[in-house]
Amino acid sequence: MNAEQPTRLLYTTSVSRWSYFRRMLLALLAAAASFAAVWALLEAANRRLADRLLLDITTLLAIVLGAWFTVRFFFNLIRFISRRSMEIRIYNQGVMWVYGGETHRYKWKQAVRYRQASRGWYLFNRPVVVWGANTLEFQNDDTRERDALKFTAAYGDPRVFGRLVTPYAAYVTSMRMGAALRSEQPVRLHRKLILYPGGVEAGRREIHWSDLDVVLKKRTLIIKERNPRGKLRTVKRYNTHRVDNVGGFLELVSGLIPQYRAAERYHRQSVRPSVSTAMSPPV
């Protein structure tokens, strides 16, 4: 995250909407050829030019292929109409993406939200079906507006995008959340997960930083609470594709929890205030 480091390209990908147009034409030609083959095979069957069973099997295969290429034709037609050409570049200093004839450049320090919501089924580490998007949101320092980059499987492997983006997004968003808490401002990561200066509200339960434990298991964020005997119990589980800034949250708590626990050992209080009104964290 050192701004003085030379700019280095980490990843680049591009998609042209005209590629869907070419695939659409190829699918149309293939579908036409398949249905022409069906007609020819039916004519051959009527004239008894070959074995009837062989002709029936071949005709069925041609119909299936024609139907498949017809579906591909409409699929690529929809993609051609709805998608735009885009080029995405990820640098160690920020992100650049080009679409609609405009170039958008943002530094990592402008990142305000990252949600890794892309999911899929993989076979031998190869994608079979992938859905959802990894959303990276930046704030324009001049207009104060936000611009979101949604990386889907149409632009490449979302897992690669996630591995590259997560460390940078986590660092910046953890700093932003820490600054908000020091200013006595709550931070909402999920409609049922809110950070306050004195702890978190998970579901309807308030947990002070010293009693909090957070675990990430694959795609599940687990919020736990420590009782007076030191035992942990699970309070709430969240699917990470529904939670903002998971990486930043983990970085934040990795620093806050030890500080609060150390402070508690020296300054035990008989009554603790609500987490929404507790004093600012010692960040």
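Higher on the page you've got the structure.
Reading the values: rules and limits
- Residues numbered from 1 in each chain as written.
- Predicted model: local features only at pLDDT ≥ 70, side-chain atom pairs only at ≥ 80, totals over all residues.
- Heavy atoms only, no water.
- Pairing = 2+ DSSP bridges.
- Helix = DSSP H or I, 4+ residues; strand = E, 2+ residues; numbered from the N terminus.
- Axes fitted to C-alpha atoms, helices over the stretch in contact; angles between N-to-C directions.
- Contact = heavy atoms within 4.5 Å.
- Core = buried A, V, L, I, M, F, W, Y, C linked by side-chain atoms within 4.5 Å.
- Buried < 20%, exposed > 50% of the residue type's maximum accessible area, 1.4 Å probe, protein only.

Colleague: Describe the sheet that holds strand β5 (residues 111–116), with residues and values.
Modeller: Taking strand neighbours across the sheet as the criterion, the 3 strands line up as β5-β8-β9 in an open arrangement whose pairing is antiparallel. The open sheet has two edge strands with one neighbour each: β5 and β9 (146–151). Strand-to-strand twist in this sheet, taken as the mean axis angle between neighbours without regard to direction, amounts to 15°. Relative to β9, strand β8 (residues 134–139) runs antiparallel, the two sharing 6 bridges. Across the sheet, the residue bridging to Glu137 is Ala148, located in β9. Set on the sheet, helix α3 (residues 158–182) makes contact with β5, β8 and β9; between it and β5 the angle comes to about 140°.

Colleague: Give me the nonpolar core: which residues, what numbers.
Modeller: Judged by nonpolar contacts, the single largest core of 25 residues is most densely connected at Ile88, Trp97, Trp108, Leu136, Phe138, Phe161 and Val165. For this core, the secondary structure elements donating two or more residues are β1 (9–15), β2 (86–91), β3 (94–99), β5, β8, β9 and α3. In this structure Ile88 touches Tyr11, Thr12, Thr13, Met96, Trp97, Leu149, Phe151 and Tyr155, once residues within four positions along its chain are discounted. Leu181, Ile223, Val246 and Leu252 belong to the second largest nonpolar core, which has 23 residues in total.

Colleague: Tell me about the pairing of strand β12 (residues 199–202), and name the residues and values.
Modeller: Both strand β11 (residues 193–196) and β12 contribute to a ladder of 4 bridges, which runs antiparallel. Bridge assignment links Leu193 to a residue of β12, and that residue is Ala202. Connecting β11 to the antiparallel partner β12 that follows it, the hairpin turn spans 2 residues. Sheet topology note: the β12/strand β13 (residues 205–208) ladder contains 4 bridges and is antiparallel. By the bridge assignment for β13, Val200 is matched with Ile207. In this structure, the hairpin formed by β12 and β13 is closed by a connection of 2 residues, where Gly203 is found at a positive phi of approximately 70°.

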